[in-house]
Amino acid sequence: MPSSPGPVPPGRPPACPDAGAATGAAARRAFADGALADGVLADGVLAGGALADGGPCADEARTGDGPCVEEARTGSGSRAGADGAVGYRDVFAVPEFRFVFAAHLLSALGVVVCEIALSVLVFRISGSPLLSALTLALGLLPYVVGGTLLSAVADRYPARRVLVCCDVLCALAAAGMVVPGTPVAVLLVLRCVLAAVAPVFAGTRAATLGEILGEGELFVLGRSVIRLVNQTAQLAGFGAGGLLLAVATPRAVLAITAGTFVGSALLLRLGTAARPARDGARDARRGALLGASLGGVRLLLADRRVRALLLLTWLPPSLLVVPEALLIPYAGLLGAGPAGMGLLMCSMPLGAVVAESLAGSFLGPRARTRLTFPMGLFAVLPSLGFAVQPSLGWAVVLLVLTGTGITYNFGVDRWFVDAVPEKLLGQAMTVMQAGRMTLMGLAMGLAGVAAEYAPLRVVMPAAGVVGVLCVPVVIREVRRTAPGRAAGAARTVAGRRRGPAGLLPDTEN
């Protein structure tokens, strides 16, 4: 598959200057309109135009050396085939991404196994089901701390350093859990450390994917691979955790998870390039970390387009976890044994993995984008079926269908990365992840409280009712703020909007 230096994302300086303003404007328009998937490269606007018109990149093409040639050779820029189609194979063709993938696989499995082992350890020490369950809840709720108070870390420090430090901190926290005699309170605090670090790590990694893969379809598919790893880690992690706990003590299993974090840190340190921080301002100008984090969050939420996309990212997941949170009592209501309970718990991740894989493998960019609104709404509809208290088989079907709704993320990822300021990209991805996980945790907690006072056949479909009422409202807002309708394009930098051809005057949100 031929490669090119790729588009110049708005707000980001090119690796090499284009040969003339006309070519640069064409590249910006191509990216802003999503035209890379429609054969712009094949038509020569980027693949041939810049080189044919002369300039530094043309010189490098003749000499076979330089940043543009290096980018084309390593695949670090956005790439597309002659027919404009890209797939998972193209993502894994980028060497740096393979290291990111392997590191994420290790750390994701480590987190899941750590949760299981720690929950068992806390129960054995305390004998309290509440404290044991609290270890799982603490995997979600502290996300809001890292996602707001520490979010600026993702942009003000070099990405590789942040990722490695997060993995090392997680390894130290897991190692602290291994120490004999560690009180339950300390174990829970260490669990909170893992949860607070997670959104910073996830946001930094997501922004780094934009630098490794570019911000076109390769980025979208790269994010898809990360989601597939997350879903698969849930399935494999529970199984691996159960097997390990059958032959080893919880503390020994926790020591293994500490090793997975160390392995992830080594892969990221050795396999990814050292890049400068996105926010290149000096300390005296960018202020304290806490103030910068909160200020960045305020700036992001002040943008109407970003707010709409964040809501679309947060709302469906926070609703579809309501029936998932009540599957154990629902299995008891049906009289299903441990096998039936396990089948219910695996159904939603299984549907997500299958749907994401099929959409990423067999659908083109336009088709995947068109799934965004229909699947965002569809994700909350299957839970309505729990109103009739379905049997085990039908409940599995409903949960698998719910999992297929994950495919709505293809379009949201592309729109979101286009909508945020370049220097806040890491922070924006951190806020996105933190908000999603926090709302999911709150929804699960509220579902448990509601189930104490109302039957499951009322509580479980209630999420679908809320979704039918609220998701269309959010979709309408996303449509209304689309760049084609809004005055100005998708980026706001220093109080101005960046359009396809450059900075535009400020507009009201």
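We now turn to the structure provided with this report. Residue positions are given per chain, counting from 1 as you read along its sequence in written order. At least 70 in pLDDT is required for a residue's local features to be given in this predicted model, at least 80 for side-chain atom pairs to be given and counted, and no such filter applies to totals for whole chains, interfaces and linings, which use all residues. Calculated side-chain values reflect all of the structure's heavy atoms, with hydrogen atoms and water omitted.

### Some remarks on the packing of helix H17 (residues 304-325) against helix H24 (residues 425-453)
- Two elements in contact, H17 and H24, have axes separated by 8 Å at closest approach and are oriented at 30°. In terms of orientation, H17 lies roughly parallel with respect to H24. In the packing of H17 onto H24, the handedness of the crossing is right-handed. Side by side, H17 and H24 meet where Leu310, Thr313, Trp314, Pro317, Ser318, Val321, Val322 and Ala325 of the first sit next to Val431, Met432, Gly435, Arg436, Leu439, Met440, Ala443, Met444 and Ala447 of the second.
- Ten residues, namely Ala, Val, Leu, Ile, Met, Phe, Trp, Tyr, Cys and Pro, are considered nonpolar, four, namely Asp, Glu, Lys and Arg, are considered charged, and the remaining ones, Gly among them, are considered polar. Taken together, the residues of the contact of H17 with H24 sort by class into 13 nonpolar, three polar and one charged. Only the stretch in contact is used when fitting a helix axis, every axis being a line fitted to C-alpha atoms; angles between N-to-C directions are given from 0 to 180 degrees. Helix and strand assignments follow DSSP, with helices taken as H or I runs no shorter than four residues and strands as E runs no shorter than two, numbered in order from the N terminus. To sort the angles, those under 35 degrees are grouped as roughly parallel, those over 145 as roughly antiparallel, those from 65 to 115 as roughly perpendicular, and the leftovers as oblique. Should the near helix be turned counterclockwise from the far one by less than a right angle, the crossing is left-handed, whereas a clockwise turn marks it as right-handed. What makes two residues a contact is simply this: any of their non-hydrogen atoms within 4.5 Å.

### Side note on unusual backbone geometry
- The phi dihedral of Gln389 falls on the positive side, at around 50°, and the residue is not glycine.
- Checked against the element boundaries, Gln389 lands in the loop between helix H21 (372-378) and helix H22 (392-404).
- Relative accessibility decides the category of a residue: with a 1.4 Å probe and only protein chains considered, values under 20% of the type maximum give buried, values over 50% give exposed, and everything between is partly exposed. Here Gln389 falls in the partly exposed class, since its relative accessible area comes to 36%.

### Thoughts on the pattern of salt bridges
- Take a side-chain nitrogen of Lys or Arg and a carboxyl oxygen of Asp or Glu: if they are within 4 Å of each other, that pair is a salt bridge. The tally for this structure, following the rule as stated, stands at eight salt bridges.
- Residue Glu217 pairs with Arg414 through a salt bridge whose shortest N-O separation is 2.5 Å. A residue pair is termed long-range when its members are at least 10 positions apart, and Glu217 in helix H13 (residues 217-247) and Arg414 in helix H23 (residues 409-419) qualify at 197 residues.
- The partner of Arg227 in a salt bridge is Glu356, with the nearest N and O atoms 2.7 Å apart. Taken as a pair, Arg227 in helix H13 and Glu356 in helix H19 (residues 338-362) lie far apart in primary sequence, 129 residues in all. Across the pair, Glu356 and Arg227 agree in class, each one buried.
- Each member of the salt-bridge network shares a partner with another, and the members are Arg223, Arg227, Glu356 and Asp413.

Shape descriptors only; they carry no functional weight alone.
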